[in-house]
Amino acid sequence: MFRKLALSDDVLLSVEKPARYIGNEINMIKKDPEKVDIRFCMCFPDVYEIGMSHLGIQILYDMFNSRDDIYCERVYSPWPDLDKIMREKSLPLFALESQDPIKDFDFLGITLQYEMCYTNVLQILDLSQIPLKASERDGDMPFVIGGGPCSYNPEPIADFFDLFYIGEGETVFFELMDAYKEWKKNGEERLDFLKRAAKIEGIYVPSLYDVTYNEDGTLKTFIPNTKEASTVIKKQVEEDLTNTYYPTKPLVPYMKVTQDRVVLEIQRGCIRGCRFCQAGMLYRPTRPRDVEVLKEYAKTMLESTGHEEITLSSLSSSDYEDLGELVYYLINTFNKKGINVALPSLRIDEFSLDVMSRVQDIRKSSLTFAPEAGSQRMRNVINKGLTEQDILEGALKAFKGGWNRVKLYFMLGLPYETYDDIEGIAKLANEVAVTYYENIPKEKRKGKVQIVASSSIFVPKPFTPFQWARMNSKEEAREKRDFLKGKVREQLNQKSIKYNCHDTFTSELEGVLARGDRRLCDVILHAYNSGCIFDAWTEYFNYDKWIEAFDSCNLDYNFYIDREREKDELFPWDFIDSGVTKEFLWRENERAKAEAVTPNCRDKCSGCGIMKYDAKNSFCKKWIN
Amino acid sequence: MKYRIKFFKIGSMKFIGHLDVMRYFQKAFRRTDIEVRLSEGFSPHQIISFASPLGIGLMTTGDYLDVELTGDLETDYIREELNAVMNDEIGVIRVSKLEDFAKTSMAVLAAADYTVCIKPEKSEHFGNDFFEKLQDNIKGYLAQEEILVTKKTKKSERVMDIKDNIYYMESNKKSFEEKTGLTYTDESFDYDYYKPIFFIRLTHGSVLNIKPETVIESFCTYAGVKFDSLFFQLNRLEMFADKNGEKGKVNTMNSEVKCELVSLDRWQAI
């Protein structure tokens, strides 16, 4: 008898890419669901190709399944074509492994990687036939648990989740699972489990807190309504990154997915302290993995997957101290076997140019710089420690080495930005071109230099020094974009420069959701009910429906973006202790105003507060007396 | 050394497209210690080629791929190593070693055998006597003067007679095996669930390709029953080279030069 699928042949043959829904990938874990105590379904609320590329889920999948009493399975968002059919036929959403309905599981864990996935969270719940609001779920329904970077401000989606896991998944999940087994054994009420969970460090149960607002709309109080809930939720940190779970047998999809390669996470955290960057603050302390262990992982994972490519992952790979050793090891060991080493973006210097020339076809590859801002003044404001000299010298070396394509990444709408700073973007792009034409003799040139400058719209995020900042409206952003377009055209080498800009509508909504409060739950629900899903996909994003949702909920959209917040305003996410103190963030905001650069964690400790975690191999160690 | 691998792809794997099957085998080889020869150039790739892509929805218990290995390995060893790293729905049936001069499966492919079954879960749509009606009409269908079908290509549509391109069509496996003189390696196909209406051999290759779906549709029309491709489950049983084959020509059992078909794993094999 062939494996039974949840969807019929008719359905699978009528949708695009049926391979998204059948499971049975290489290294998929098979267990008898009857023989486990807990069934956990892990979800990435976007299409399969995106979700399968996410390392975090692979780590947790491996970790959960290492326990015999738990069966962890997966689900991703059905693409709109299947979504439509499932609604018409009332087919319940299912997990890929067993093909069983998710509503029969004990837990549904949803990773929240970007704000624009919120309506997809509702789609998952809805198709699973689980009530959208946690308050409407009865005893049999799975507990819905959120995690990932967006759970650092879980308030806009608080109504939809029974609980949130704040921080890195490697620490207290098993404690939570054991509490669940205990609860089940005792035959208690749903609320009793939530109370048990609330006692575990890092677990936030939104329904156990009451929220009040001031007349101006800002948050007044945020307090637990039961003794089990703590006033502060402490972020979870894996303190020994070398000796923890790592998926040495990751799943190998049939379809080509976004990240179709072995991913080695070499380091967690970042020493740089760029003031716009949420990940740089959230993933502190910076913890490198042992290079020998990584070499071993690389070998094991290439053998267990058969992938033809391996890549490194971290927030700033150039800051990994054993990078040279690791990269040369990978190239020397695996290149001759036809395995490609895909490099992450690296600081351009002799080392990176050397490795790039070994693993890439120079004629086809391009160099990437992320100056983020056009002027030195602005780069000081955002604490991006990359100077014009660094860029031009790096580019010169690369041009001499045979490259002639450069990508430059910038942001528009940064706090304290002036039009001179924006013009700086055009000027910098031009300077890169000048460097090429002045230094590479005509006979050695392979055509024109190609410079692609891209800009995205800055979105202020919680737990960053810019969490107080006002965000540019889409009108301002468009004005700036048009101004920059004009300035690019004024440059001497404008024919060598191509300029791209990110969509302004999406950024604005992302800004609202990122720093929103609980009142947004109704808006998201309304937008979803009016048909919004896959908001992260431009072809599906419908701005008007969102605006309509705000209007019907009588909520002011601009309240969340169009104002500079007071120093002592109580933020919806302030109940989370991310380890980095609010005082430090404010200090950094002040330094930004003063255009003062803060040194990175290797050069000097700036006292962000994260040192209280006793993480092994952390960069903080150096500064503990 | 050149090798030819006969494989099956059944069950839920029928939803995996051809490009993904290629990627699947490439990765499977890299999970073993069998070394596939790489092409020259800046981004070398494994030298693997497939006899013919299989459409989404079809199963196979007799498809082929050719591969060049750097070493000279035992064929059983290759099969066992690969099956150890593959799933239970795509696997290797047999490996044969080829002569150095052997042409690729794709180049020599001349015909293919299929099982055409009905899907029991669709029975309420196609009705009670559907199966019998079809089986009873096989003889009459084949006895026609000509069997006309409309062949659609990207550019045009043309009507052609495919009577000579249907080599055999039998209502049960036993008589099909008697006619073809073969024993099929289709143990993994679920005959308990899918009920075979007929077994068929058709011209299949780069010059002329008769899709089983085309024949089913024309057959249904002849038998006077409703055709819906979702009623049927197809399984490819075997693929053949023509001993008398010439480039650019199709031989049939009635042509001037008659075809002499031999299954791909016995063609130019050592």
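Residues numbered from 1 in each chain as written. Chains lettered and ligands numbered in written order. Predicted model: local features only at pLDDT ≥ 70, side-chain atom pairs only at ≥ 80, totals over all residues. Heavy atoms only, no water.

Asks: Looking at this model, I keep getting lost on the overall build of chain B. Mind explaining?
Replies: Each helix and strand in chain B was counted, giving 8 helices and 11 strands. The globule rule puts the C-alpha radius of gyration for 270 residues at 18 Å, and the 19 Å found for chain B is close to it. In terms of overall dimensions, chain B has a C-alpha envelope of 55 × 45 × 40 Å along the principal axes. Counting every position in chain B, which comprises 270 residues, the buried fraction comes to 54%. In the structure as shown, chain B presents an accessible area of about 12700 Å², 48% of it carried by carbon and sulfur atoms. One way to put it: in chain B the 37 positive side-chain charges average out to a point 4 Å from where the 43 negative ones average out. (Helix = DSSP H or I, 4+ residues; strand = E, 2+ residues; numbered from the N terminus. Rg over C-alpha atoms; globule rule 2.2 N^0.38 Å. Buried < 20%, exposed > 50% of the residue type's maximum accessible area, 1.4 Å probe, protein only. Areas by Shrake-Rupley, 256 points an atom, 1.4 Å probe, with all protein chains shown as cover. Lys, Arg positive; Asp, Glu negative; His and termini not counted. Charge placed at Lys NZ, Arg CZ, Asp CG, Glu CD.)

Asks: Any chance you could explain helix H15 (residues 474-490) of chain A here in plain terms?
Replies: Each turn of an α-helix holds 3.6 residues, which means side chains three or four residues apart point in the same direction. Between its terminal C-alpha atoms H15(A) stretches 24 Å, which fits the 24 Å expected from 17 residues at 1.5 Å a residue. Residues of H15(A) that are buried sit in contact with strand E16 (405-412), helix H14 (419-439), strand E17 (450-457), strand E18 (497-501), helix H16 (504-514) and helix H18 (543-552) of chain A. (Expected span 1.5 Å × (residues − 1). Contact = heavy atoms within 4.5 Å.)

Asks: Would you mind showing me how to read the interface of chain A and chain B here?
Replies: Taken together, the contacts link 35 residues of chain A with 33 residues of chain B. Approximately 2700 Å² of surface area, both sides summed, lies buried where chain A meets chain B, with 60% of it carried by carbon and sulfur atoms. When the buried area of chain A at its contact with chain B is split by residue, Phe2(A), Asp9(A) and Tyr254(A) rank highest and sum to 28% of it. Where chain A touches chain B, the interface holds 7 salt bridges. Between Asp10(A) and Lys122(B) there is a salt bridge; the shortest N-O distance is 2.3 Å. On inspection of chain A and its partner chain B, the count reaches 15 residue pairs in polar contact (both at pLDDT 80 or more). Here the residues of the side of chain A that touches chain B sort into 16 nonpolar, 8 polar and 11 charged. (Buried area = accessible area lost by both parts, 1.4 Å probe. Salt bridge = Lys/Arg side-chain N within 4 Å of Asp/Glu carboxyl O. Polar contact = N/O pair within 3.5 Å; in protein donor to acceptor, adjacent residues only side chain to side chain. Nonpolar A, V, L, I, M, F, W, Y, C, P; charged D, E, K, R; others polar.)

Asks: I would appreciate a short explanation of the packing of aromatic side chains in the present structure.
Replies: Aromatic ring pairs are reported here in terms of the distance separating the ring centres and the angle at which the planes meet. All names here are of chain A. Using the criterion set out here, one finds 67 aromatic pairs over all chains in the structure. Measuring from ring centre to ring centre gives 5.6 Å for tryptophan 183 and phenylalanine 193, while their planes differ by 50°; the resulting arrangement is tilted. Separated by 10 residues along the polypeptide, tryptophan 183 in helix H6 (residues 173-186) and phenylalanine 193 in helix H7 (residues 190-198) bring together distant segments of the chain. On the numbers, 4.9 Å between centres and 80° between planes, the contact of tryptophan 468 with tryptophan 586 is edge-to-face. Of this pair, tryptophan 468 sits in the loop between E17 and H15 while tryptophan 586 is found in helix H19 (residues 582-593), placing the two residues 118 residues apart along the sequence. You can call tryptophan 468 buried: its relative accessible area is 1%. In this structure tryptophan 586 comes out as buried when scored by relative accessible area, which is 18%. A cation over a ring is seen here: arginine 563 above phenylalanine 559, with NZ or CZ 4.2 Å from the ring centre. The ring of phenylalanine 571 carries lysine 582 above its face, with NZ or CZ at 4.4 Å from the centroid. (Phe/Tyr/Trp six-rings, centres within 6.5 Å; stacked < 30°, edge-to-face > 60°. Lys NZ or Arg CZ within 6 Å of the ring centre and 35° of its normal.)

Asks: Even after reading the chapter, I still don't get a negative patch on the surface, so can you show me in this structure?
Replies: On the surface, Glu145(B), Glu146(B), Asp161(B) and Asp164(B) cluster together into a patch of negative charge. Classification of Asp164(B) by relative accessible area gives partly exposed; the value is 35%. (Patch = residues over 30% accessible without salt bridge, like charges linked within 9 Å, V, L, I, M, F, W, Y side chains within 5 Å.)

Asks: Could you clarify how one ought to interpret the sheet that holds E16(A) in this entry?
Replies: Residue and element names in this part refer to chain A. Taken in spatial order, the 4 strands of this open sheet run E15-E16-E17-E18, and their pairing is parallel. Two strands lie at the open edges of the sheet, namely strand E15 (367-372) and E18, each paired on one side alone. Strand-to-strand twist in this sheet, taken as the mean axis angle between neighbours without regard to direction, amounts to 20°. In the sheet, E15 pairs with E16 via 4 bridges, with the strands oriented parallel. (Pairing = 2+ DSSP bridges. Axes fitted to C-alpha atoms, helices over the stretch in contact; angles between N-to-C directions.)

Asks: Help me understand the domain arrangement of chain A, please; the structure alone is not making it clear to me.
Replies: Bring the parts together and some accessible area is lost; that lost area is often taken as the interface size. Residue and element names in this part refer to chain A. Looking at the assigned domains, one finds that chain A contains domain 1 (9-234) and domain 2 (262-515). Relative placement of domain 1 and domain 2: their C-alpha centres are 33 Å apart. In this assembly, 12 residues from domain 1 lie in contact with 18 residues from domain 2. Summed over both partners, the interface of domain 1 with domain 2 buries about 1300 Å², with 57% contributed by carbon and sulfur atoms. Of all residues in domain 1, Glu115, Met116 and Tyr152 bury the most surface against domain 2, accounting for 41% of the area lost on that side. At the junction of domain 1 with domain 2, the criterion picks out 4 salt bridges. Between glutamate 170 and arginine 268 there is a salt bridge, with the nearest N and O atoms lying 2.8 Å from each other. (Domains from an automatic or database assignment.)

Asks: Would you explain the pairing of strand E3 (residues 59-68) of chain B in this entry?
Replies: The two faces of a sheet get side chains in turn, since along a regular strand they alternate between them. Residue and element names in this part refer to chain B. E3 sits mainly inside the fold: 10 of its 10 residues count as buried. With 7 bridges joining them, strand E1 (residues 2-9) and E3 adopt antiparallel strand pairing. Paired with lysine 2 across the bridge in E3 is glutamate 68. Note: E3 against strand E10 (residues 232-242), 2 bridges, orientation parallel. Its bridge partner lying in E10, threonine 60 is registered against arginine 236.

Asks: Honestly, the domain arrangement of chain B in this entry has me stumped. Any pointers?
Replies: Residue and element names in this part refer to chain B. The assigned domain composition of chain B is domain 1 (2-107) and domain 2 (110-261). For domain 1 versus domain 2, the distance between C-alpha centres works out to 26 Å. Contact residues are listed per partner, giving 18 residues for domain 1 and 15 residues for domain 2. Between domain 1 and domain 2, a total of about 1300 Å² is buried, with carbon and sulfur atoms accounting for 47% of that surface. By the criterion of area lost to domain 2, the three top residues of domain 1 are Leu58, Met59 and Thr61, representing 40% of everything that side buries.

Asks: Mind showing me how you'd approach the pattern of salt bridges here?
Replies: A side chain with one charge may pair with a side chain of the opposite charge, provided their charged atoms come close. In the structure shown here, the tally under the stated rule is 81 salt bridges over all chains. Residue Asp162(A) pairs with Arg137(A) through a salt bridge whose shortest N-O separation is 2.8 Å. Here Arg137(A) lies in the loop between helix H5 (118-127) and strand E4 (143-147) and Asp162(A) lies in the loop between E4 and strand E5 (163-165), a separation of 25 residues in the sequence. Accessibility classification places Asp162(A) together with Arg137(A) in one group, the buried group. Salt-bridge contacts for Asp76(B) lead to Arg79(B); the nearest nitrogen and oxygen are separated by 3.9 Å. Of this pair, Asp76(B) and Arg79(B) both sit in helix H2 (residues 75-84), 3 residues apart, which is roughly one turn of the helix. Taking the relative accessible area as the measure of exposure, Asp76(B) reaches 46% and is therefore partly exposed. Assessed through its relative accessible area of 23%, Arg79(B) is described here as partly exposed. Within this structure, Glu168(A), Glu170(A), Glu265(A), Arg268(A), Arg287(A) and Arg289(A) form a network of salt bridges that share partners.

Asks: Quick question: what am I supposed to make of the layout of surface pockets here?
Replies: Here the idea is plain: a probe the size of a water molecule rolls over the atoms and shows the empty space left. Of the volumes computed, that of the second largest pocket is approximately 760 Å³. Lining the second largest pocket are 27 residues; nearest its centre among them are Glu308(A), Gly338(A), Asn340(A), Ser43(B) and Pro44(B). Mapped by element, the contributors of at least two residues to the lining of the second largest pocket are helix H11 (350-359) of chain A together with helix H1 (18-31) and strand E2 (48-50) of chain B. Ranked by the residues each element gives to the lining of the second largest pocket, the list is headed by H1(B), at 5 residues. (1 Å grid on protein atoms, 1.4 Å probe; cavity = no way out; pocket = protein on both sides within 12 Å on 5 of 7 lines; lining within 4 Å. Points joined across faces, edges and corners; volume = space filled by probe spheres on them.)

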